[in-house]
Amino acid sequence: MYNPIKTLKTNTIGTLNMLGLAKRVGARLLLASTSEVYGDPEVHPQSEDYWGHVNPIGPRACYDEGKRVAETMCYAYMKQEGVEVRVARIFNTFGPRMHMNDGRVVSNFILQALQGEPLTVYGSGSQTRAFQYVSDLVNGLVALMNSNVSSPVNLGNPEEHTILEFAQLIKNLVGSGSEIQFLSEAQDDPQKRKPDIKKAKLMLGWEPVVPLEEGLNKAIHYFRKELEYQANNQYIPKPKPARIKKGRTRHN
Ligand SMILES: O=c1ccn([C@@H]2O[C@H](COP(=O)(O)OP(=O)(O)O[C@H]3OC[C@@H](O)[C@H](O)[C@H]3O)[C@@H](O)[C@H]2O)c(=O)[nH]1
(Lines give C-alpha, C1' and ligand atoms only; values in the text may rest on other atoms or scores of the structure.)
Protein backbone atom coordinates (compact mmCIF):
# COMPACT_ATOMS: atom_id res chain seq x y z
CA MET A 1 0.00 0.00 0.00
CA TYR A 2 1.40 3.34 -1.07
CA ASN A 3 -0.03 5.31 1.88
CA PRO A 4 -1.57 3.07 4.60
CA ILE A 5 -2.69 5.92 6.87
CA LYS A 6 -4.44 7.80 4.07
CA THR A 7 -6.06 4.52 2.99
CA LEU A 8 -7.36 4.00 6.54
CA LYS A 9 -8.59 7.57 6.86
CA THR A 10 -10.43 7.44 3.53
CA ASN A 11 -12.14 4.15 4.30
CA THR A 12 -13.09 5.00 7.87
CA ILE A 13 -13.44 8.77 8.35
CA GLY A 14 -14.44 9.20 4.69
CA THR A 15 -17.22 6.62 4.93
CA LEU A 16 -18.38 8.04 8.28
CA ASN A 17 -18.60 11.54 6.76
CA MET A 18 -20.56 10.25 3.76
CA LEU A 19 -22.98 8.29 5.96
CA GLY A 20 -23.56 11.41 8.07
CA LEU A 21 -24.27 13.39 4.89
CA ALA A 22 -26.58 10.64 3.55
CA LYS A 23 -28.51 10.72 6.84
CA ARG A 24 -28.84 14.50 6.73
CA VAL A 25 -30.05 14.76 3.13
CA GLY A 26 -31.94 11.44 3.00
CA ALA A 27 -29.74 9.98 0.24
CA ARG A 28 -29.11 6.34 -0.63
CA LEU A 29 -25.40 5.53 -0.19
CA LEU A 30 -23.39 3.17 -2.40
CA LEU A 31 -20.31 1.69 -0.73
CA ALA A 32 -17.70 0.50 -3.24
CA SER A 33 -16.51 -2.37 -1.08
CA THR A 34 -14.17 -5.10 -2.23
CA SER A 35 -13.39 -8.79 -2.55
CA GLU A 36 -10.49 -7.96 -0.20
CA VAL A 37 -12.97 -8.24 2.71
CA TYR A 38 -12.60 -12.02 2.19
CA GLY A 39 -8.82 -11.75 2.68
CA ASP A 40 -6.86 -14.90 1.75
CA PRO A 41 -10.02 -17.04 1.55
CA GLU A 42 -10.44 -20.53 2.95
CA VAL A 43 -13.73 -20.89 1.06
CA HIS A 44 -13.82 -21.06 -2.74
CA PRO A 45 -15.54 -19.47 -4.59
CA GLN A 46 -16.43 -16.67 -2.19
CA SER A 47 -20.11 -16.03 -1.50
CA GLU A 48 -21.46 -13.10 0.47
CA ASP A 49 -22.10 -15.13 3.62
CA TYR A 50 -18.37 -15.97 4.02
CA TRP A 51 -16.84 -13.86 6.83
CA GLY A 52 -13.34 -13.84 5.43
CA HIS A 53 -9.78 -14.53 6.53
CA VAL A 54 -7.89 -11.26 7.01
CA ASN A 55 -4.61 -10.57 8.82
CA PRO A 56 -5.50 -7.47 10.87
CA ILE A 57 -1.89 -6.26 11.19
CA GLY A 58 -0.41 -7.17 7.80
CA PRO A 59 0.54 -4.76 5.00
CA ARG A 60 -2.87 -5.09 3.29
CA ALA A 61 -4.82 -4.57 6.52
CA CYS A 62 -5.27 -0.82 6.04
CA TYR A 63 -7.32 -1.57 2.91
CA ASP A 64 -8.99 -4.87 3.89
CA GLU A 65 -9.88 -3.89 7.45
CA GLY A 66 -10.69 -0.35 6.33
CA LYS A 67 -13.31 -1.68 3.91
CA ARG A 68 -14.59 -4.18 6.49
CA VAL A 69 -15.20 -1.43 9.03
CA ALA A 70 -16.74 0.72 6.27
CA GLU A 71 -19.29 -2.07 5.74
CA THR A 72 -19.86 -2.25 9.53
CA MET A 73 -20.52 1.50 9.57
CA CYS A 74 -23.04 1.19 6.73
CA TYR A 75 -25.11 -1.37 8.62
CA ALA A 76 -24.86 0.55 11.91
CA TYR A 77 -26.23 3.66 10.15
CA MET A 78 -28.89 1.58 8.42
CA LYS A 79 -30.12 0.00 11.67
CA GLN A 80 -29.75 2.99 13.98
CA GLU A 81 -30.55 5.91 11.67
CA GLY A 82 -32.49 4.31 8.81
CA VAL A 83 -29.92 5.29 6.15
CA GLU A 84 -30.43 3.36 2.92
CA VAL A 85 -27.22 1.58 1.94
CA ARG A 86 -26.11 -0.53 -1.02
CA VAL A 87 -22.85 -2.46 -0.64
CA ALA A 88 -21.03 -3.80 -3.72
CA ARG A 89 -18.15 -6.21 -3.08
CA ILE A 90 -16.15 -5.46 -6.20
CA PHE A 91 -13.77 -8.14 -7.51
CA ASN A 92 -10.72 -7.41 -9.72
CA THR A 93 -11.76 -5.00 -12.47
CA PHE A 94 -9.88 -3.58 -15.47
CA GLY A 95 -10.40 -1.54 -18.61
CA PRO A 96 -9.33 1.52 -20.58
CA ARG A 97 -8.48 4.64 -18.55
CA MET A 98 -6.69 2.77 -15.80
CA HIS A 99 -3.76 4.90 -14.66
CA MET A 100 -0.37 4.05 -16.18
CA ASN A 101 1.10 3.89 -12.67
CA ASP A 102 -1.84 2.05 -11.16
CA GLY A 103 0.45 -0.84 -10.20
CA ARG A 104 -2.21 -3.54 -10.47
CA VAL A 105 -1.52 -6.59 -12.53
CA VAL A 106 -3.52 -5.84 -15.70
CA SER A 107 -1.97 -2.44 -16.41
CA ASN A 108 1.49 -3.69 -15.36
CA PHE A 109 1.44 -6.71 -17.68
CA ILE A 110 -0.01 -4.80 -20.66
CA LEU A 111 2.48 -1.94 -20.36
CA GLN A 112 5.39 -4.34 -19.88
CA ALA A 113 4.31 -6.46 -22.88
CA LEU A 114 3.84 -3.42 -25.13
CA GLN A 115 7.34 -2.14 -24.31
CA GLY A 116 9.14 -5.48 -24.56
CA GLU A 117 9.92 -5.42 -20.84
CA PRO A 118 9.73 -8.55 -18.66
CA LEU A 119 6.28 -9.30 -17.24
CA THR A 120 6.76 -9.23 -13.46
CA VAL A 121 5.01 -12.18 -11.80
CA TYR A 122 5.00 -12.00 -7.99
CA GLY A 123 5.67 -15.43 -6.46
CA SER A 124 5.14 -18.57 -8.53
CA GLY A 125 2.18 -17.16 -10.44
CA SER A 126 -0.04 -20.01 -9.22
CA GLN A 127 -2.28 -17.61 -7.29
CA THR A 128 -5.60 -17.08 -9.07
CA ARG A 129 -7.82 -14.11 -9.86
CA ALA A 130 -10.97 -13.53 -11.95
CA PHE A 131 -11.11 -10.26 -13.90
CA GLN A 132 -14.19 -8.33 -14.92
CA TYR A 133 -14.41 -5.65 -17.57
CA VAL A 134 -15.30 -2.17 -16.33
CA SER A 135 -18.61 -1.79 -18.23
CA ASP A 136 -19.92 -4.99 -16.61
CA LEU A 137 -19.11 -3.56 -13.20
CA VAL A 138 -20.83 -0.24 -14.00
CA ASN A 139 -23.99 -2.08 -15.12
CA GLY A 140 -23.91 -4.10 -11.90
CA LEU A 141 -23.55 -0.98 -9.75
CA VAL A 142 -26.49 0.71 -11.51
CA ALA A 143 -28.63 -2.41 -11.06
CA LEU A 144 -27.69 -2.59 -7.37
CA MET A 145 -28.50 1.08 -6.75
CA ASN A 146 -31.89 0.65 -8.45
CA SER A 147 -32.70 -2.49 -6.44
CA ASN A 148 -34.02 -2.96 -2.92
CA VAL A 149 -31.08 -5.21 -1.91
CA SER A 150 -29.43 -3.63 1.13
CA SER A 151 -27.15 -6.57 2.03
CA PRO A 152 -23.69 -6.94 0.34
CA VAL A 153 -23.57 -8.21 -3.26
CA ASN A 154 -20.53 -9.62 -5.09
CA LEU A 155 -19.86 -8.03 -8.49
CA GLY A 156 -17.20 -9.85 -10.50
CA ASN A 157 -16.54 -12.20 -13.37
CA PRO A 158 -16.19 -15.81 -12.17
CA GLU A 159 -13.77 -16.85 -14.97
CA GLU A 160 -10.70 -17.75 -12.91
CA HIS A 161 -7.07 -17.92 -14.11
CA THR A 162 -3.67 -18.25 -12.49
CA ILE A 163 -1.57 -15.10 -12.72
CA LEU A 164 0.96 -17.00 -14.85
CA GLU A 165 -1.78 -17.99 -17.34
CA PHE A 166 -2.84 -14.40 -17.34
CA ALA A 167 0.71 -13.19 -18.13
CA GLN A 168 0.91 -15.62 -21.05
CA LEU A 169 -2.51 -14.56 -22.34
CA ILE A 170 -1.55 -10.86 -22.33
CA LYS A 171 1.79 -11.61 -24.00
CA ASN A 172 -0.05 -13.48 -26.79
CA LEU A 173 -2.73 -10.82 -27.27
CA VAL A 174 -0.08 -8.09 -27.51
CA GLY A 175 2.11 -10.29 -29.72
CA SER A 176 5.03 -9.48 -27.44
CA GLY A 177 8.40 -11.19 -27.12
CA SER A 178 8.71 -10.17 -23.45
CA GLU A 179 10.07 -12.66 -20.97
CA ILE A 180 8.28 -13.63 -17.78
CA GLN A 181 10.23 -12.67 -14.68
CA PHE A 182 9.46 -14.21 -11.30
CA LEU A 183 9.86 -11.83 -8.36
CA SER A 184 9.37 -12.42 -4.63
CA GLU A 185 5.77 -12.93 -3.58
CA ALA A 186 3.73 -10.15 -2.00
CA GLN A 187 3.07 -10.63 1.73
CA ASP A 188 -0.45 -11.93 2.56
CA ASP A 189 -1.30 -12.09 -1.17
CA PRO A 190 -4.61 -13.99 -1.46
CA GLN A 191 -3.81 -17.35 -3.08
CA LYS A 192 -7.15 -17.77 -4.81
CA ARG A 193 -10.10 -15.57 -5.59
CA LYS A 194 -13.29 -16.10 -7.57
CA PRO A 195 -16.69 -14.58 -6.95
CA ASP A 196 -19.84 -16.59 -6.38
CA ILE A 197 -22.34 -14.39 -8.24
CA LYS A 198 -25.54 -16.38 -7.65
CA LYS A 199 -26.96 -13.57 -5.53
CA ALA A 200 -26.35 -10.87 -8.16
CA LYS A 201 -27.89 -13.08 -10.85
CA LEU A 202 -30.95 -13.88 -8.76
CA MET A 203 -31.61 -10.52 -7.11
CA LEU A 204 -30.32 -8.05 -9.72
CA GLY A 205 -30.70 -10.10 -12.90
CA TRP A 206 -27.04 -9.19 -13.54
CA GLU A 207 -24.07 -11.13 -14.84
CA PRO A 208 -20.94 -10.12 -16.75
CA VAL A 209 -21.23 -10.26 -20.55
CA VAL A 210 -17.85 -9.01 -21.86
CA PRO A 211 -15.47 -11.94 -22.59
CA LEU A 212 -11.99 -11.60 -21.02
CA GLU A 213 -10.10 -11.43 -24.33
CA GLU A 214 -12.45 -8.80 -25.76
CA GLY A 215 -11.97 -6.62 -22.68
CA LEU A 216 -8.22 -7.13 -22.69
CA ASN A 217 -7.99 -6.13 -26.37
CA LYS A 218 -9.79 -2.87 -25.54
CA ALA A 219 -7.42 -2.19 -22.64
CA ILE A 220 -4.38 -3.05 -24.80
CA HIS A 221 -5.61 -0.64 -27.51
CA TYR A 222 -5.97 2.10 -24.89
CA PHE A 223 -2.49 1.63 -23.41
CA ARG A 224 -0.90 1.41 -26.87
CA LYS A 225 -2.42 4.81 -27.72
CA GLU A 226 -1.31 6.26 -24.39
CA LEU A 227 2.28 5.16 -24.99
CA GLU A 228 2.22 6.62 -28.53
CA TYR A 229 0.82 9.85 -27.19
CA GLN A 230 3.53 10.09 -24.56
CA ALA A 231 6.26 9.33 -27.11
CA ASN A 232 5.03 12.01 -29.55
CA ASN A 233 4.22 14.78 -27.11
CA GLN A 234 5.87 16.79 -24.47
CA TYR A 235 3.58 18.41 -22.01
CA ILE A 236 5.15 21.56 -20.66
CA PRO A 237 2.88 23.23 -18.09
CA LYS A 238 2.46 26.94 -18.79
CA PRO A 239 1.14 29.39 -16.20
CA LYS A 240 -1.98 31.38 -17.09
CA PRO A 241 -1.16 34.83 -18.59
CA ALA A 242 -2.56 36.61 -15.52
CA ARG A 243 0.05 34.93 -13.34
CA ILE A 244 3.03 36.10 -15.43
CA LYS A 245 4.34 39.33 -13.92
CA LYS A 246 6.15 41.70 -16.30
CA GLY A 247 9.90 41.91 -15.83
CA ARG A 248 9.99 39.10 -13.29
CA THR A 249 11.24 36.29 -15.56
CA ARG A 250 14.14 34.47 -13.96
CA HIS A 251 16.76 32.67 -15.98
CA ASN A 252 18.72 30.31 -13.74
O1 LIG B 1 3.10 -6.70 -11.53
C2 LIG B 1 2.35 -7.47 -10.87
C3 LIG B 1 1.24 -7.00 -10.13
C4 LIG B 1 0.48 -7.92 -9.43
N5 LIG B 1 0.78 -9.26 -9.47
C6 LIG B 1 -0.08 -10.26 -8.78
O7 LIG B 1 -1.33 -10.26 -9.45
C8 LIG B 1 -2.39 -10.52 -8.51
C9 LIG B 1 -3.42 -9.40 -8.58
O10 LIG B 1 -2.83 -8.23 -8.05
P11 LIG B 1 -3.52 -6.77 -8.17
O12 LIG B 1 -2.64 -5.82 -7.46
O13 LIG B 1 -3.86 -6.49 -9.58
O14 LIG B 1 -4.91 -6.95 -7.41
P15 LIG B 1 -5.29 -7.59 -5.98
O16 LIG B 1 -6.02 -8.86 -6.28
O17 LIG B 1 -4.12 -7.68 -5.09
O18 LIG B 1 -6.28 -6.52 -5.37
C19 LIG B 1 -7.29 -5.96 -6.16
O20 LIG B 1 -8.47 -6.67 -6.06
C21 LIG B 1 -9.57 -6.23 -5.37
C22 LIG B 1 -9.76 -4.76 -5.38
O23 LIG B 1 -10.73 -4.36 -4.45
C24 LIG B 1 -8.49 -4.07 -5.06
O25 LIG B 1 -8.69 -2.69 -5.16
C26 LIG B 1 -7.40 -4.47 -5.98
O27 LIG B 1 -6.19 -3.91 -5.60
C28 LIG B 1 -1.72 -10.66 -7.16
O29 LIG B 1 -1.50 -12.03 -6.89
C30 LIG B 1 -0.38 -9.95 -7.32
O31 LIG B 1 0.64 -10.44 -6.48
C32 LIG B 1 1.87 -9.72 -10.19
O33 LIG B 1 2.16 -10.93 -10.24
N34 LIG B 1 2.63 -8.80 -10.86
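Note that this is a predicted model, so its numbers are computed, not measured.

Visitor: Before we go on, may I ask you to explain the packing of aromatic side chains in this structure?
Guide: Two descriptors summarise a pair of aromatic rings, namely the distance from one centre to the other and the angle between the planes of the rings. Inspection of every chain in the model, using the stated rule, returns 5 aromatic pairs. Here Phe94 and Tyr133 contribute two aromatic rings whose centre-to-centre distance is 5.7 Å and whose plane-to-plane angle is 70°, an arrangement assigned as edge-to-face. Within this pair, whereas Phe94 is found in strand β3 (residues 93-94), its partner Tyr133 is found in strand β6 (residues 132-133), the two being separated by 39 residues in sequence. By the burial criterion, Phe94 is buried, and Tyr133 matches it.

Visitor: Is there a simple way to explain the layout of surface pockets in this structure?
Guide: Space inside the largest pocket adds up to approximately 1200 Å³. In this structure, the largest pocket is lined by 38 residues; those nearest its centre are Met1, Glu36, Arg60, Gly103 and Arg104. The set of elements that each furnish at least two residues to the lining of the largest pocket consists of α1 (4-25), β1 (28-34), α2 (61-81), α3 (105-114) and β4 (119-122). Counting residues per element, the lining of the largest pocket draws most heavily on α3, at 4 residues.

Visitor: Whenever I open this one, the packing of α3 against helix α7 (residues 212-232) confuses me. Can you help?
Guide: Packed helices, taken two at a time, are described by the angle between their axes plus the distance between the axes. One way to put it is that α3 packs onto α7 with a least axis distance of 10 Å and a crossing angle of 60°. Here α3 lies oblique to α7, going by the angle between them. Along this stretch, α3 crosses α7, giving a crossing that reads as right-handed. Contacts between α3 and α7 involve Val106, Ser107, Ile110, Leu111 and Leu114 from the first element and Leu216, Ala219, Ile220, Phe223, Arg224 and Leu227 from the second.

Visitor: How should α1 be read in this particular structure?
Guide: Given a rise of 1.5 Å per residue, 22 residues ought to cover 32 Å, and the 31 Å separating the end C-alpha atoms of α1 matches this to within 8%. Its axis deflected by about 25° at Thr10, α1 carries its strongest bend there. For α1, the elements touching its buried residues are β1, α2 and β2 (84-90). Gly26 sits one or two residues past α1 and shows a positive phi near 70°.

Visitor: Just checking my understanding: could you explain helix α5 (residues 163-174) for this structure?
Guide: One turn of an α-helix holds 3.6 residues; hence residues three or four places apart share an orientation. If you check α5, its first and last C-alpha atoms are 16 Å apart, about what 12 residues at 1.5 Å a residue would give, namely 16 Å. Every buried residue of α5 is accounted for by Ile163, Phe166, Ala167, Leu169, Ile170, Lys171 and Val174. Looking at the buried side of α5, the elements it contacts are α3, β4, β5 (128-130), β8 (160-162), β9 (180-183) and α7. Backbone geometry just downstream of α5 places Gly175 in the positive-phi region, at approximately 75°.

Visitor: Honestly, the sheet that holds β1 in this entry has me stumped. Any pointers?
Guide: Strand pairing in a sheet relies on backbone hydrogen bonds, with the paired strands running either antiparallel or parallel. The strand order β1-β2-β7 describes an open sheet built from 3 strands, whose pairing is parallel. Strand pairing shows two members of the sheet lacking a second neighbour, β1 and β7 (153-155), which therefore form its edges. On average, adjacent strands in this sheet sit at an angle of 30° to one another, irrespective of strand direction. Where β1 and β2 come together, 7 bridges link them in parallel fashion. Residue pairing for β2: Ser33 is matched across the bridge by Arg89. Packed on one face of the sheet, helix α4 (residues 134-145) meets β1, β2 and β7 and runs near 155° to β2.

Criteria and thresholds
- Residues numbered from 1 in each chain as written.
- Predicted model: local features only at pLDDT ≥ 70, side-chain atom pairs only at ≥ 80, totals over all residues.
- Heavy atoms only, no water.
- Phe/Tyr/Trp six-rings, centres within 6.5 Å; stacked < 30°, edge-to-face > 60°.
- Helix = DSSP H or I, 4+ residues; strand = E, 2+ residues; numbered from the N terminus.
- Buried < 20%, exposed > 50% of the residue type's maximum accessible area, 1.4 Å probe, protein only.
- 1 Å grid on protein atoms, 1.4 Å probe; cavity = no way out; pocket = protein on both sides within 12 Å on 5 of 7 lines; lining within 4 Å.
- Points joined across faces, edges and corners; volume = space filled by probe spheres on them.
- Axes fitted to C-alpha atoms, helices over the stretch in contact; angles between N-to-C directions.
- Parallel < 35°, antiparallel > 145°, perpendicular 65-115°, else oblique.
- Left-handed = near helix turned anticlockwise from the far one by under 90°.
- Contact = heavy atoms within 4.5 Å.
- Expected span 1.5 Å × (residues − 1).
- Bend = angle between axes of the 7 residues up to and from the residue.
- Pairing = 2+ DSSP bridges.

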